[in-house]
Amino acid sequence: METTSQAGAQAPAAEGGQRFPFARRTVDGYLLAPFPWYGLDEAFTGPRWLMQVGTSADGFVEHGSTGHGDEPSVRNEQVSGDEPKEKFAVVVTVAAHPVRRLADGTGQLEATSVSSAAWLAGVGLLSVTWPTQMDHTLRDDWLEQQTETAWVLADDLTGSAWSMLSLPVDGVPMPFHYRESEFGWVLAGSTREGVHVGAYGRGMSAYGLGFAMIKDINAYA
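About the criteria used
Residues numbered from 1 in each chain as written. Predicted model: local features only at pLDDT ≥ 70, side-chain atom pairs only at ≥ 80, totals over all residues. Heavy atoms only, no water. Patch = residues over 30% accessible without salt bridge, like charges linked within 9 Å, V, L, I, M, F, W, Y side chains within 5 Å. Areas by Shrake-Rupley, 256 points an atom, 1.4 Å probe, with all protein chains shown as cover. Salt bridge = Lys/Arg side-chain N within 4 Å of Asp/Glu carboxyl O. Lys, Arg positive; Asp, Glu negative; His and termini not counted. Charge placed at Lys NZ, Arg CZ, Asp CG, Glu CD. Helix = DSSP H or I, 4+ residues; strand = E, 2+ residues; numbered from the N terminus. Buried < 20%, exposed > 50% of the residue type's maximum accessible area, 1.4 Å probe, protein only. Axes fitted to C-alpha atoms, helices over the stretch in contact; angles between N-to-C directions. Parallel < 35°, antiparallel > 145°, perpendicular 65-115°, else oblique. Left-handed = near helix turned anticlockwise from the far one by under 90°. Contact = heavy atoms within 4.5 Å. Nonpolar A, V, L, I, M, F, W, Y, C, P; charged D, E, K, R; others polar. Expected span 1.5 Å × (residues − 1). Arc of directions from axis to C-beta. Pairing = 2+ DSSP bridges.

Visitor: Got a sec to walk through a negative patch on the surface? Specific residues and values, please.
Guide: Judged by side-chain charge, Asp-140, Asp-141, Glu-144 and Glu-148 come together as a negatively charged surface patch. Among the structural elements, Glu-144 can be located in helix H3 (residues 139–154). Given a relative accessible area of 59%, Glu-144 falls into the exposed group.

Visitor: Lay out the packing of helix H2 (residues 114–127) against H3 with the relevant residues and their values.
Guide: Remark: H2 packs on H3, axes separated minimally by 9 Å, with the N-to-C direction vectors making an angle of 160 degrees. By the angle between their axes, H2 is roughly antiparallel relative to H3. In the packing of H2 onto H3, the handedness of the crossing is right-handed. Residues Ser-115, Ala-118, Trp-119, Gly-122, Val-123, Leu-126 and Ser-127 of H2 lie in contact with H3, whose contacting residues are Arg-139, Trp-142, Leu-143, Gln-146, Thr-147, Ala-150, Trp-151 and Ala-154. Partitioned by chemical class, the residues of the contact of H2 with H3 number nine nonpolar, five polar and one charged.

Visitor: I'd love a proper account of H3, names of residues and values included.
Guide: With 16 residues, H3 extends 22 Å between its outermost C-alpha atoms, agreeing within 8% with the 22 Å of an ideal straight helix rising 1.5 Å per residue. Listed as buried for H3 are Arg-139, Trp-142, Ala-150 and Ala-154. Viewed end-on, H3 has its buried residues packed into an arc of 100 degrees, placing them on one side of the element. In H3, the exposed residues that point more than 90 degrees away from the buried face are Asp-141, Glu-144 and Gln-145.

Visitor: Tell me what's going on with unusual backbone geometry, and back it up with residues and numbers.
Guide: The backbone of Asp-170 sits at a positive phi, close to 55 degrees, despite the residue not being glycine. Of note, Asp-170 is situated in the loop between strand E10 (163–169) and strand E11 (172–181). The exposure class of Asp-170 is partly exposed, given its relative accessible area of 37%.

Visitor: Account for the pairing of strand E13 (residues 195–202), naming residues and giving values.
Guide: Burial within E13 is extensive, with seven of its eight residues counted as buried. In this sheet, E13 lies alongside strand E7 (residues 88–95) in antiparallel orientation, the contact comprising eight bridges. Bridging across to E13, Val-91 finds its partner in Ala-199. Summarising the sheet, strand E12 (residues 184–190) and E13 pair through six bridges and their orientation is antiparallel. Considered in E13, the bridge of Val-186 is made with Tyr-200.

Take it as geometry only, folks, not as evidence of what the structure does.
So, in structure tokens, the structure goes:
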């Protein structure tokens with residue numbers, strides 16, 4: 001599923017080896033989506049914020065993410081382990097559609113699936129991960145390797161790396177594929193509203209989460 005970010009690239013590295021990949025985003029791209037957005041349900045009372053949307057080759061919004069809790073940052077091994085750990089959960093909404101041709105007839109876009117949501121969530125978690133003791137010169141190689149691994153895992157949701165978890169979506173229990181790693185957790189499932197939902201996080205237990213359609217995306221802006 002080839003998409004591009006409509007909100008721009010990640011912010012550059014800051015002094016001290018810390019990067020802030022989630023600059024404040026505008027709501028404009030979200031309002032262009034022809035599908036509903038999802039976030040954590042009203043049981044979550046912490047901060048909510050926008051991240052970015054992804055568009056297809058023909059300019060249509062295909063997916064996007066909303067953040068909950070602390071805005072994550074990438075930290076290297078020089079940051080003290082005594083600092084409070086960030087607690088966040090990011091929800092990824094992916095439009096569900098079959099294989100379709102581009103509007104200009106130059107090609108076609110792959111169908112989206114729960115695997116698409118799992119892949120985007122897995123890559124999202126990697127984007128805010130810096131393994132302990134890893135030199136900054138090695139992180140790009142590590143990220144490339146782990147991104148490929150995330151794709152392989154997302155393409156095999158029935159494999160041993162995943163377990164099943166039931167979580168409420170709009171108040172109705174729905175099945176999710178779930179996996180944990182030393183860097184955090186990733187999950188993915190579907191809704192009854194024509195979208196797939198993925199999520200990733202750290203410091204917040206996935207077992208207590210619930211998802212709901214966002215009534216007003218402006219509330220995240």
